[in-house]
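A structural walkthrough
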Amino acid sequence: MNTSRNITPFQALACPLDGAPLQRDASTWRCAAGHCFDIASQGYANLLPVQQKRSRDPGDSKEMVAARQRFLNAGFYEPIAAATSRAALADLPAKAPASCLDAGCGEGYYMRQLAAAASASGQALALLGLDISKWAVLSAAKQDKRANWVVGSNAKLPVLPGTLDRVLCMFGFPVYAEFARVLKPGGQLLQVDAGPDHLRELREIIYPTLKPERVSDTQAPDGFTHLATETVRYSVDIAGTQQIADLLAMTPHLYRATAEGRARAAALTALSLTVDVRLTRFGRQAGR
């Protein structure tokens with residue numbers, strides 16, 4: 001397990017109940033009002049109060065997290081991680097430590113890749129991974145002890161205002177007002193979304209017809225300026241029913257496909273796929 005000194009846990013957490021700063025006290029985070037959040041033995045904290053949950057066990061299931069971990073660790077999305085890491089590390093203040101949140105971190109793959117790139121470049125980073133799925137955060141915490149991992153919601157980030165240099169949103173659910181609140185002026189949001197041809201070959205198998213693609217909108221959300229958009233596009237070959245099942249399990253298509261569509265995917269033993277994603281960088285405007 002990597003324990004490089006330039007990667008540290010992000011500490012500027014906020015109480016999810018009242019927004020006050022959290023202080024670490026042994027194996028607990030607590031605020032001045034006495035709200036207390038235990039740190040699990042695996043090293044993560046649950047900062048998702050029951051009143052902010054929409055279900056008893058929100059987010060990805062244990063099985064979906066395991067499928068995503070197997071698929072991503074096989075390297076199929078490594079070019080996406082590399083492009084995101086390059087963009088995240090560009091334009092950071094020289095010699096100064098920077099802070100980054102992966103909002104919807106899943107089992108931590110993209111943050112581990114970012115940490116590796118930062119270590120190689122000598123950039124000091126304080127890292128925070130957040131996901132609404134406790135199974136995802138548990139998996140991330142088991143795989144890497146350097147970052148701070150928390151169960152939480154993008155709708156109400158347990159982060160103090162203006163404390164982050166970068167926010168990553170990888171195929172996630174962006175909440176721009178919250179991202180703007182936690183980013184420093186001049187900080188950047190890096191958003192990765194599926195492009196029009198992403199996994200097209202799989203979608204053609206599981207759906208009777210493909211919906212027309214929505215026109216991509218690079219208009220900057222409130223509080224942000226659009227800096228750049230790049231396309232990451234390449235082909236991968238997936239072999240074996242397990243890898244195909246893992247891919248399906250980590251996409252929204254698992255729920256959207258009909259039983260017949262899922263059965264057609266389950267019958268496949270090999271698949272050549274197009275990976276097509278958009279990486280968009282937004283800059284946090286000052287004084288907003």
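Below, the structure is looked at part by part.

Rules used in this analysis
- Residues numbered from 1 in each chain as written.
- Predicted model: local features only at pLDDT ≥ 70, side-chain atom pairs only at ≥ 80, totals over all residues.
- Heavy atoms only, no water.
- Pairing = 2+ DSSP bridges.
- Helix = DSSP H or I, 4+ residues; strand = E, 2+ residues; numbered from the N terminus.
- Axes fitted to C-alpha atoms, helices over the stretch in contact; angles between N-to-C directions.
- Buried < 20%, exposed > 50% of the residue type's maximum accessible area, 1.4 Å probe, protein only.
- Contact = heavy atoms within 4.5 Å.
- Polar contact = N/O pair within 3.5 Å; in protein donor to acceptor, adjacent residues only side chain to side chain.
- Expected span 1.5 Å × (residues − 1).

This paragraph deals with the sheet that holds strand β2 (residues 23–25). Pairing within the open sheet is antiparallel, and its 3 strands lie in the order β2-β3-β4. With one partner strand each, in any of the chains shown, β2 and β4 (36–38) form the two edges of the open sheet. When strand polarity is set aside, the average angle formed by the axes of neighbouring strands in this sheet is 30°. Sheet topology places strand β3 (residues 28–30) next to β4; 3 bridges connect them, and they run antiparallel. Each residue of the ladder has a partner; that of R30, found in β4, is C36.

For an α-helix the count is 3.6 residues per turn, leaving residues at separations of three or four pointing the same way. Turning to helix α4 (residues 134–143), its buried residues number three or more, namely A136, V137, L138, S139, A140 and A141. Buried-residue contacts for α4 involve β5 (44–46), α1 (62–73), β7 (125–131) and β8 (148–151). For α4, the capping residue at the N-terminal end is S133, with a side-chain oxygen 3.3 Å from the backbone nitrogen of W135.

Taking 1.5 Å as the rise per residue, helix α3 (residues 109–121) with 13 residues should run 18 Å; its terminal C-alpha atoms sit 19 Å apart, in good agreement. Of all the positions in α3, only Y109, Y110, M111, R112, L114, A115 and A118 are classed as buried. Count one or two residues on from α3 and you reach G122, which has phi positive near 85°.

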